[in-house]
Amino acid sequence: MRLRALPIAHSWKRNKYLNMRKIIITAALTGAGHGKEANPNLPEQPEEIIEQALQCREAGAAIVHVHARDKSGKNTMSLDVFREIHEGIKSASDLIVQLSTGGGPTLPNEERIAPMKLRPEMATLNTFLMVMPVMGVETPFIYKRSEIEETARRAQELGVKPAIAILNFTCLEEAANIIQKGLVDRPYVFDIGLNMPAQNTLRGTWQNLTALVERLPEGALFNVSAAGEAELPLTTMGMLLGGNPRVGLEDNVYYLSLIHISEPTRPLYISYAVFCL
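Computed from a predicted model, the values in this text were never measured in an experiment. (Residues numbered from 1 in each chain as written. Predicted model: local features only at pLDDT ≥ 70, side-chain atom pairs only at ≥ 80, totals over all residues. Heavy atoms only, no water.)

Caption draft 1: Representation of the overall build of the protein in the model. Secondary structure assignment for the protein yields eight helices and 14 strands. Of the contacts made within the protein by residues no fewer than 6 positions apart, 70% connect residues no fewer than 24 positions apart. Summed over its atoms, the accessible surface of the protein is roughly 12,800 Å², and 57% of this surface lies on carbon and sulfur atoms. (Helix = DSSP H or I, 4+ residues; strand = E, 2+ residues; numbered from the N terminus. Contact = heavy atoms within 4.5 Å. Areas by Shrake-Rupley, 256 points an atom, 1.4 Å probe, with all protein chains shown as cover.)

Here it is in structure tokens:
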């Protein structure tokens, strides 16, 4: 992998590397839920996702977090679609590709983790139980401990670095379980997500962010993302705490008084993190 980082101390008071380490920006191009009805600039088809990934690379992103959509724009775990996106990005850039293993609330775990067969550098590892409104219906998203362990084991076998999703404090306990069982190799990578419109997640406050960061294993790498108005404040704070920012249309389709994030503004939206340094 091309990913490089200096050792991290999780308190800004003792982080002597703050002014010399490299920031790793992740661009979350498109999620599994909202589509062009939320923002017409959100990419859905493989050619759109590939094009925007390359634009984000030029703006300073090092990692792209990838979901896939079918021809109608709905979420899919089709290996053929993921392969087209993955190969398209890798053939045209040096980006690190992080494929989603989220899938959907009703899919069997084997189908959710199928994209790891493509052996991307990274893939998500969900550890949470939450209830999120989907098309107006309260929908549970459940990742059982056995499924979390299976996903971690498969990633390890395939040489895929898992990005462990942290949406609340119980996620840290699930992370501790797979670490203790030797299912994840160092350096551990965590994706902290806050302010999601879902039950059993945490509000986007600096208190919640610092409390999560202080509980991460020593030497861990971590990204910070936050939905809505909390995104820019918390991703900036995450960098000051020794982490890295994740931004993109999956997490936020509006900014500054409901102004759409559009084609001309996307590079600025991705590269704001460079300015914050």
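Caption draft 2: Up close: the packing of helix α1 (residues 46–59) against helix α2 (residues 79–92). Following both chains from N to C, one finds α1 and α2 inclined at 30 degrees, their axes separated by 9 Å at the closest point. As far as their axial angle goes, α2 and α1 are roughly parallel. For the pair α1 and α2, the crossing hand works out as right-handed. From α1, Pro46, Ile49, Ile50, Ala53 and Leu54 reach across to α2, where they touch Val81, Glu84, Ile85, Gly88, Ile89 and Ala92. (Axes fitted to C-alpha atoms, helices over the stretch in contact; angles between N-to-C directions. Parallel < 35°, antiparallel > 145°, perpendicular 65-115°, else oblique. Left-handed = near helix turned anticlockwise from the far one by under 90°.)

Caption draft 3: Seen up close, the environment of Thr106. For Thr106, the location among the structural elements is in the loop between β5 (96–99) and α3 (109–112). For the pair Thr106 and Phe141, spaced 35 residues apart in the sequence, the C-alpha separation amounts to 8.3 Å.

Caption draft 4: Region of the structure containing the nonpolar core. Core analysis: the biggest nonpolar cluster contains 36 residues, and Phe128, Ile166, Ile178, Phe190, Ile192, Leu209 and Phe222 have the highest contact counts within it. Breaking this core down by element, the ones donating at least two residues are β7 (129–134), α4 (145–158), β9 (161–166), α5 (169–180), β10 (189–194), α6 (206–214) and β11 (221–226). In terms of residue count, α5 provides more of this core than any other element does, five residues in total. Among all residues touching Leu209, those that are not within four sequence positions of it are Ile192, Leu194, Val224, Leu234, Met237, Gly238 and Leu241. (Core = buried A, V, L, I, M, F, W, Y, C linked by side-chain atoms within 4.5 Å. Buried < 20%, exposed > 50% of the residue type's maximum accessible area, 1.4 Å probe, protein only.)

Caption draft 5: Just a negative patch on the surface, in detail. Together, Glu47, Glu51, Glu84 and Glu87 line one region of the surface with negative charge. Listing elements by their share of the negative patch, those giving two or more residues are α1 and α2. (Patch = residues over 30% accessible without salt bridge, like charges linked within 9 Å, V, L, I, M, F, W, Y side chains within 5 Å. Salt bridge = Lys/Arg side-chain N within 4 Å of Asp/Glu carboxyl O. Lys, Arg positive; Asp, Glu negative; His and termini not counted. Charge placed at Lys NZ, Arg CZ, Asp CG, Glu CD.)

Caption draft 6: Local environment of the environment of Asn252. Looking at the element boundaries, Asn252 is found in the loop between β12 (244–247) and β13 (254–255). A sequence separation of 213 residues divides Asn252 from Asn39, and the C-alpha atoms of the two residues are 9.8 Å apart. Within the structure, Asn252 has its side chain in polar contact with the side chain of Glu231 (distance 3.1 Å). (Polar contact = N/O pair within 3.5 Å; in protein donor to acceptor, adjacent residues only side chain to side chain.)

Caption draft 7: Main features of the pairing of strand β6 (residues 122–125). The alternating pattern of β6 places Met122 and Thr124 on one face and Ala123 and Leu125 on the opposite face, and all of these are buried. Bridge count between β5 and β6: two bridges; the pairing is parallel. Following the sheet pairing, Leu99 is matched in β6 by Ala123. (Pairing = 2+ DSSP bridges.)

Caption draft 8: Representation of the packing of aromatic side chains. With the rule as written, the count across this model stands at one aromatic pair. Here Phe128 and Tyr143 contribute two aromatic rings whose centre-to-centre distance is 5.0 Å and whose plane-to-plane angle is 75 degrees, an arrangement assigned as edge-to-face. With a gap of 15 residues between them, Phe128 in the loop between β6 and β7 and Tyr143 in the loop between β8 (137–142) and α4 connect regions that are remote in the sequence. Classification of Tyr143 by relative accessible area gives buried; the value is 8%. (Phe/Tyr/Trp six-rings, centres within 6.5 Å; stacked < 30°, edge-to-face > 60°.)

Caption draft 9: The arrangement of the environment of Ala163 in detail. Of note, Ala163 is situated in strand β9. When its relative accessible area of 1% is taken as the criterion, Ala163 is described as buried. Taking the C-alpha atoms as reference, Ala163 lies 8.6 Å from Phe222; in sequence the two are 59 residues apart. Excluding residues that lie within four positions of it along the chain, Ala163 makes contacts with Gln98, Met122, Ala123, Thr124, Leu125, Val189 and Asp191.

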